[in-house]
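So you can see what is in the structure, the chains are spelled out below.
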Amino acid sequence: KNALKKSDDSILRDETGVLEPHSDLVATALAVIGFVVFAALLSRAYTGYEDRSFALENYESASLLAGTVAETPVLKAENPGSISASALDRLSATEGSDERKEFFSSFSGNYPFLVEVRTEDGKWKWLIEPEIVESGYLMGKKEKVAASVPVVIELSSAETVPGTLTVVFYETPWVR
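Calculation notes
In this convention, every chain numbers its residues from 1, walking through the sequence in written order. Only residues with pLDDT of at least 70 are given local features in this predicted model, and only at 80 or more are side-chain atom pairs given and counted; all residues enter the totals for whole chains, interfaces and linings. Side-chain metrics rest on all non-hydrogen atoms present in the structure, leaving aside hydrogens and water. Helix numbers and strand numbers start at the N terminus; a helix is a DSSP run of H or I with at least 4 residues, a strand a run of E with at least 2. For the exposure calls, accessible area comes from a 1.4 Å probe over protein chains only, and a residue counts as buried if that area is under 20% of its type's maximum, exposed if over 50%, partly exposed in between. Residues are treated as being in contact if the distance between any of their heavy atoms lies within 4.5 Å. By the criterion applied in these results, polar contacts are pairs of N or O atoms within 3.5 Å in which, for protein atoms, one can donate a hydrogen and the other can accept it, and in which residues neighboring in sequence qualify only through two side-chain atoms. When we speak of the arc, we mean the arc of directions from the helix axis to the C-beta atoms. By convention, a stacked pair of Phe, Tyr or Trp rings (six-membered ring in the case of Trp) has centres within 6.5 Å and planes under 30 degrees apart, an edge-to-face pair has planes over 60 apart, and any other such pair is tilted.

With that settled, consider the overall build of the chain. Counting its regular elements, the chain contains four helices and five strands. When each of the 176 residues of the chain is scored for burial, the buried share is 31%. For the chain, contacts bridging at least 24 residues in sequence account for 65% of all contacts bridging at least 6.

Here it is as structure tokens:
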């Protein structure tokens, strides 16, 4: 009878090992989740590094370009060492596309960039954007790097004010 009783206590009725296979599944799921989180963090860190590397690599170029733009003959005023507000008005006006084309053609076309000039007190601001890029391109989420130089802006022949000229470079597919 004991032998028969033993056969009734088969694996199907033995509940001591029921949780054992499930613990392997939990451990595997935790390992997979951990790996996915690690991979996501790693890719996030890489893209962050890549974004900062564009800025680090191109800041010196932006700084040199800002100095060059500040010395451009198109922007020169009557007073030596100052920028003409009337030239800035012409370049930033909607009807000044020919002047803008001529202005940007004197620089390399490898980087799309824009120029912003503002007075120190914030009363005046000019934005010179290139025509070569489609509308809204420079306002998107492209990586960019900016550099500024101090300038003197001649508002009239009798009035000059301190200001800042900023050049903003934008990343393009061919720069990477």
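Moving on: the side chain of Thr 166. Relative to the helices and strands, Thr 166 is located in strand β5 (residues 159-170). Residue Thr 166 is classed as buried on the basis of its relative accessible area, which comes to 14%. Engagement of the side chain of Thr 166 in a polar contact is seen with the side chain of Ser 148, the distance being 2.7 Å. When residues no more than four places from it in sequence are discounted, the contact partners of Thr 166 are Leu 114, Val 115, Glu 116, Ala 146, Ala 147 and Ser 148.

To continue, consider helix α3 (residues 85-92). Within α3 the residues assigned to the buried category are Ala 85, Ala 87, Leu 88 and Leu 91. Looking straight down α3, one finds that the buried residues subtend no more than 155° of arc, so they occupy a single side. Here the buried face of α3 lies against β1 (83-84), α4 (97-105), β2 (113-119), β3 (125-128) and β4 (144-156).

On inspection of all chains with the given rule, the structure shows four aromatic pairs. A centroid spacing of 5.1 Å and a plane angle of 80° characterise the contact between Phe 103 and Phe 104, whose relative ring orientation is edge-to-face. Its relative accessible area of 1% is what places Phe 103 among the buried residues. Three or more aromatic residues joined by ring pairs form one cluster here, namely Phe 103, Phe 104, Phe 113 and Phe 169.

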